[in-house]
Amino acid sequence: MKLKILFLLGMVMAIVTLHAQTTPAEKTKWFTDARFGMFIHWGLYSAAEGMWKGERLRYANNYAEWIRYRNRISKEEYGTLAKRFDWNRINPEEWVLLAKKAGMKYITITSKHHDGVALWNSKVSDYNLTKLSGTNRDVIKELAAACRKHGIKLGFYYSHWVDWDHPYGWDHNKELTGIKDEDYNKYWQEKVIPQLRELLTNYGDIAMFWFDMWLGYKQTVVKKEQLDQVVHLIRELQPNCLINSRIGLPSSDPGVDFESKGDNEFGSAYTAHPWETSGTIAHSWGYYGQENEWKSTSQLLQSLIGNVSLNGDFTLNIGPRADGSIPYEGTRRLEDMGKWLSKNGEAIYGCTGLDLRAGQHDWGRITTKTIKNKQLVYLHVYNWPLDKILRLSGILSRPEKATLITTGGRMPLRFTQSGPLTHIQLPQQAADPFVSVVVLQYPDPVKLDGEMVPESTFGGFALTASNLWEHTSGFKRVRYDGLRPTHLVMDKEGTLSWEVYIPQAGNYRVDLSYHNHSKNTIPVSVQATDQHLEQQLKPSGTIVAEPHSSYTDEFGDTSLGQLHFSKAGFYQVSFKATPGAEGPLYFNRIWISSVAK
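Residues numbered from 1 in each chain as written. Predicted model: local features only at pLDDT ≥ 70, side-chain atom pairs only at ≥ 80, totals over all residues. Heavy atoms only, no water.

Summarising the sheet, strand β13 (residues 389-393) and strand β17 (residues 421-425) pair through five bridges and their orientation is antiparallel. By the bridge assignment for β17, I389 is matched with Q425. In the sheet, strand β16 (residues 415-418) pairs with β17 via four bridges, with the strands oriented antiparallel. Note that in β17 the partner of S418 across the bridge is L421. (Pairing = 2+ DSSP bridges. Helix = DSSP H or I, 4+ residues; strand = E, 2+ residues; numbered from the N terminus.)

This part is about the state of the cysteines. The final tally for this structure, using the stated rule, is zero disulfides. With no disulfide partner, C147 has as its closest neighbouring cysteine sulfur the one in C241, 14 Å distant. With relative accessibility at 2%, the residue C147 sits in the buried group. (Disulfide = S-S within 2.5 Å. Buried < 20%, exposed > 50% of the residue type's maximum accessible area, 1.4 Å probe, protein only.)

This part takes up helix α11 (residues 181-202). The terminal C-alpha atoms of α11 lie 30 Å apart, and with 22 residues this matches the ideal 32 Å at 1.5 Å per residue to within 8%. By the largest-angle criterion, W188 marks the main kink of α11, which is about 35 degrees. Looking only at α11, the buried set comprises D183, Y184, Y187, W188, K191, V192, I193, Q195, L196, E198, L199 and L200. Buried residues in α11 make contact with β4 (106-112), β5 (153-158), β6 (208-211) and α12 (224-237). One or two positions beyond α11, positive phi appears at G204, with a value near 75 degrees. (Expected span 1.5 Å × (residues − 1). Bend = angle between axes of the 7 residues up to and from the residue. Contact = heavy atoms within 4.5 Å.)

Hydrogen bonds between backbone groups are what pair the strands of a sheet, and the pairing can be parallel or antiparallel. With antiparallel pairing, five strands are arranged side by side in an open sheet as β20-β23-β30-β25-β26. Each having just a single partner strand, β20 (470-471) and β26 (531-537) make up the two edges of the open sheet. Where strand β23 (residues 494-502) lies against strand β30 (residues 569-577), nine bridges are found, and the strand directions are antiparallel. Bridged to T495 within β30 is K576.

Another aspect to go through is the pattern of salt bridges. If you walk through the whole model with that rule in mind, you get 34 salt bridges. For R246, the salt bridge identified is with D212, shortest N-O distance 2.5 Å. You can see R246 sitting in the loop between β7 (242-243) and β8 (259-260) and its partner D212 sitting in the loop between β6 and α12, a full 34 residues away along the chain. With a relative accessible area of 6%, R246 lands in the buried category. Linking E455 and R391 is a salt bridge whose minimum nitrogen-to-oxygen distance equals 3.5 Å. Note that E455 is positioned in the loop between β18 (436-442) and β19 (461-464) and R391 in strand β13, a separation of 64 residues in sequence. In this structure E455 comes out as buried when scored by relative accessible area, which is 5%. Here the residues in one salt-bridge network are K75, K112, D163, D165 and K191, joined through shared partners. (Salt bridge = Lys/Arg side-chain N within 4 Å of Asp/Glu carboxyl O.)

Right, let's talk about the packing of helix α7 (residues 92-101) against helix α9 (residues 139-150) for a bit. The interhelical angle for the contact between α7 and α9, taken along N-to-C directions, is 35 degrees, at an axis separation of 8 Å. For α7 against α9, the interelement crossing comes out right-handed. Counting all contacts with α7, which are made through P92, E93, W95, V96, L97 and K100, the residues of α9 involved are V139, E142, L143, A146, C147, K149 and H150. (Axes fitted to C-alpha atoms, helices over the stretch in contact; angles between N-to-C directions. Left-handed = near helix turned anticlockwise from the far one by under 90°.)

With that settled, the discussion passes to the confidence of the model for the chain. Mean pLDDT for the chain: 94, with 96% of residues reaching 70 or above. Across residues 1-21, confidence stays below pLDDT 50; counting only partners more than four residues off in sequence or on other chains, it has two contacts. (pLDDT = per-residue confidence, 0-100.)

Looking now at the packing of aromatic side chains. For the coordinates displayed, the defined rule picks out 32 aromatic pairs. Between Y69 and W164, the aromatic rings sit 5.5 Å apart at their centres with planes inclined by 20 degrees, giving stacked as the arrangement. Placement of the pair is Y69 in helix α5 (residues 67-70) and W164 in the loop between β5 and α10 (174-177), with a sequence separation of 95 residues. Like W164, Y69 is buried. (Phe/Tyr/Trp six-rings, centres within 6.5 Å; stacked < 30°, edge-to-face > 60°.)

Non-glycine residue R35 carries a positive phi angle of around 70 degrees. On the accessibility criterion, R35 (2% relative accessible area) is buried. Non-glycine residue N373 carries a positive phi angle of around 65 degrees. Tracing the chain through its elements places N373 in the loop between β11 (364-371) and β12 (374-381).

Another aspect to go through is the nonpolar core. Ranked by size, the top nonpolar core spans 116 residues in total, and within it W42 and F209 carry the most contacts. In this structure, F461, L468, V510 and L533 belong to the second largest nonpolar core, which totals 36 residues. (Core = buried A, V, L, I, M, F, W, Y, C linked by side-chain atoms within 4.5 Å.)

All right, on to α7 then. The α-helix winds at 3.6 residues per turn, so residues separated by three or four positions along the chain end up facing the same way. By the burial criterion, the buried members of α7 are P92, W95, V96, L98 and A99. Viewed end-on, α7 has its buried residues packed into an arc of 160 degrees, placing them on one side of the element. The elements touched by buried residues of α7 are β1 (36-40), β4, α9 and α14 (328-344). Where α7 terminates, the next one or two residues include G103, which has phi positive at roughly 85 degrees. (Arc of directions from axis to C-beta.)

A few words on the packing of helix α13 (residues 297-308) against α14. At their nearest, the axes of α13 and α14 sit 10 Å apart, and the two run at 50 degrees to each other. By the criterion of interaxial angle, the relationship of α13 to α14 is oblique. As for the relative orientation of α13 and α14, their crossing is right-handed in sense. Across the interface between the two elements, T297, L300, L301, L304 and I305 from α13 touch R333, D336, M337, W340 and L341 from α14. When grouped by side-chain class, the residues that make up the contact of α13 with α14 number seven nonpolar, one polar and two charged. (Parallel < 35°, antiparallel > 145°, perpendicular 65-115°, else oblique. Nonpolar A, V, L, I, M, F, W, Y, C, P; charged D, E, K, R; others polar.)

This is the structure in structure tokens:
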């Protein structure tokens, strides 16, 4: 009886322990701490280099890994590309070392892409890189060993929906011919499930599976039961392995651990659940010999910082050649990013963002984390202000200190604060050629005002359609289209209001940018406290954006006058327009700036 009780207690403790280990927040913590990882697109397509029989990729996206499908290459001819792989030079450990040098914390490799070719010596299908190349090498095994050796987590990309090898796998031409559900399920049971089982059992701990269905399963041939089968298999064999949303399920589904946005789709708003962007270092994912669209180091760093400021990760892709080498342009950018992270990594790893409007500061982005009950707020300065004053808006708390991260250590900075506006005095030169980081330390969790209009680098306040506090319902917001600025279409009488913090008493100029689409004047007014500024706006007309080719609505500026504020503090500023039936008013912005004494 005593042994039975001890056995039952042990079972209960095991269940409790298992439950504690698999709570979503703990399971994904390594991922949300890591923030930066490497994607590797490598397969038979790497040997084609985006060319086939003297012809470049056909059709639209110019992704080299799509060459078999887009250039209509037969399975047999495509397989001969394996002979171009130089196994004397291929060394997956070099990829791992580069990832580590770049400051990346995980690697995801295309174990099987849409071409259906497994990188490992799969017992399920002889159409794999090992067999086709006539080698005894298993790249996946070597990569897994190198990741373990160097402390990098390993994930697998696996194309489950699309497979151009299996006779019943999906390719987009089947939109024309159709496929029976039972036939597609043969592919699923004969190839997908057995190959996933191989990957889950033969290569040690797997940190994540990155699936690549960019549509919800209901828009595809895949069935919910098939996806649930995949989820169950992963949960059974590797319960701590993360699954991304591009398995084809919504991010809210219990089978999904993190959201993967579209290719090169970056965050636009703070998102509480774990998410990431997979992005290219140039244009193509697989190696493309004609590549000339390399992104700059600044652009890549800003992509990483921008995502972290919105609680996201950045998984940056490389496309090695068939000899395993990585183009110099890619290596150089990763090394530059690694140098930046070696100095400023504390502002990325383990960080998230503040609940302020995304991108509200024109000088850069903000990340944050808490260490020893102190909240650290990192200001990533993309554009070093000419007047050497960094203007921070929206934090009501007062920092204990401000410092600048430099190669020689922390430089103390002077600052002043008025309400939610903090002004930080910067030195003449930026601390970093790419992105400089200012660190603010607060004794307690910061208090925020996410509704206020932020202060511009130029010292004024731009009241726009993007930072409204309140407005009359029904106005359409039109985003910048390359010709016209983002604006609100005010097609009826209505009011727009903003929350503005005026930093000091005095007179402030009020300018309006607008387009009057009618043939008559439109009466408008601005109100703050008991003050009114009124004007009749004349019709705007058209502007020639480009000679002989492009004409568009003209947005003009007009001064509405001045407002006097008797003291510093929060104010509600309202704009009212009364357009007639002949045409709407396009509201662009109001600019409020202090009048020099």
